[in-house]
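# Structural features, examined
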Amino acid sequence: MAKAAGAAAVRERVRAFALGLPGTVEEFPWGESVIKVNKKVFVFLGIDDGDRPRGVTLKLKDPAAHAHALTLPGAKPAGYGLGRSGWVQVPLAEPGAPPAELLCDWAEESYRLIAPKKLIAELDGGQGLSPKSRLPRGA
């Protein structure tokens, strides 16, 4: 149960972080939680019904980040052909799963690949605070 609780907390931190980025919304196509910017998905959070393993799917174009993500236990290119475009599925309950902070960094990379330039400029110029400073404490 501890692993499941830890995976749930990491998932929630990534969700909160992603929703703190400019212009983002959460939607539930296919019954799955996704975070979008400009009507385009940049983070898949999956179905959080307790029956499926928790995971996060992100777009990583930076070669080092992409390669690192694929070395994690259980990580793999995303299905439905998305893996060919840099999308990586990362399970959260596996031993050696990445910490929330790293996943938030990757969520920001994914956001920057998808978001319009205007929102990226807002993120870069916004009040001198990084999105990480908006993470919920203690989660």
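Please read these numbers as outputs of a predicted model, since none were measured by experiment. (Residues numbered from 1 in each chain as written. Predicted model: local features only at pLDDT ≥ 70, side-chain atom pairs only at ≥ 80, totals over all residues. Heavy atoms only, no water.)

## Notes on the side chain of Thr-24
The residue Thr-24 is located in strand 1 (residues 24-27) in this model. Here the side chain of Thr-24 touches Leu-21 through a polar contact of 3.0 Å, landing on its backbone oxygen. In this structure, Thr-24 is in contact with Ala-18, Leu-19, Ile-35, Lys-36, Val-37, Phe-42 and Tyr-111, ignoring residues within four places of it in sequence. (Helix = DSSP H or I, 4+ residues; strand = E, 2+ residues; numbered from the N terminus. Polar contact = N/O pair within 3.5 Å; in protein donor to acceptor, adjacent residues only side chain to side chain. Contact = heavy atoms within 4.5 Å.)

## Details of the packing of aromatic side chains
Considering all chains together, one arrives at two aromatic pairs under this definition. With centroids separated by 5.4 Å and ring planes inclined at 75°, the aromatic side chains of Phe-44 and Trp-87 adopt a geometry described as edge-to-face. Placement of Phe-44 in strand 3 (residues 40-46) and of Trp-87 in strand 6 (residues 87-91) is noted, with a sequence separation of 43 residues between them. (Phe/Tyr/Trp six-rings, centres within 6.5 Å; stacked < 30°, edge-to-face > 60°.)

## Notes on the pattern of salt bridges
Taken as a whole and assessed by the stated rule, the structure comprises five salt bridges. Here Arg-15 ties to Glu-26 by a salt bridge, and the two come within 2.8 Å at their closest N and O atoms. Of the two residues, Arg-15 sits in helix 1 (residues 2-19) while Glu-26 sits in strand 1, which places them eleven residues apart along the sequence. Residue Arg-15 is classed as partly exposed on the basis of its relative accessible area, which comes to 23%. For Lys-36, the salt bridge identified is with Glu-27, shortest N-O distance 2.8 Å. For Glu-27, a relative accessible area of 34% gives the class partly exposed. What emerges from the salt-bridge pattern is a single network uniting Glu-12, Arg-15 and Glu-26. (Salt bridge = Lys/Arg side-chain N within 4 Å of Asp/Glu carboxyl O. Buried < 20%, exposed > 50% of the residue type's maximum accessible area, 1.4 Å probe, protein only.)

Shape descriptors only; they carry no functional weight alone.
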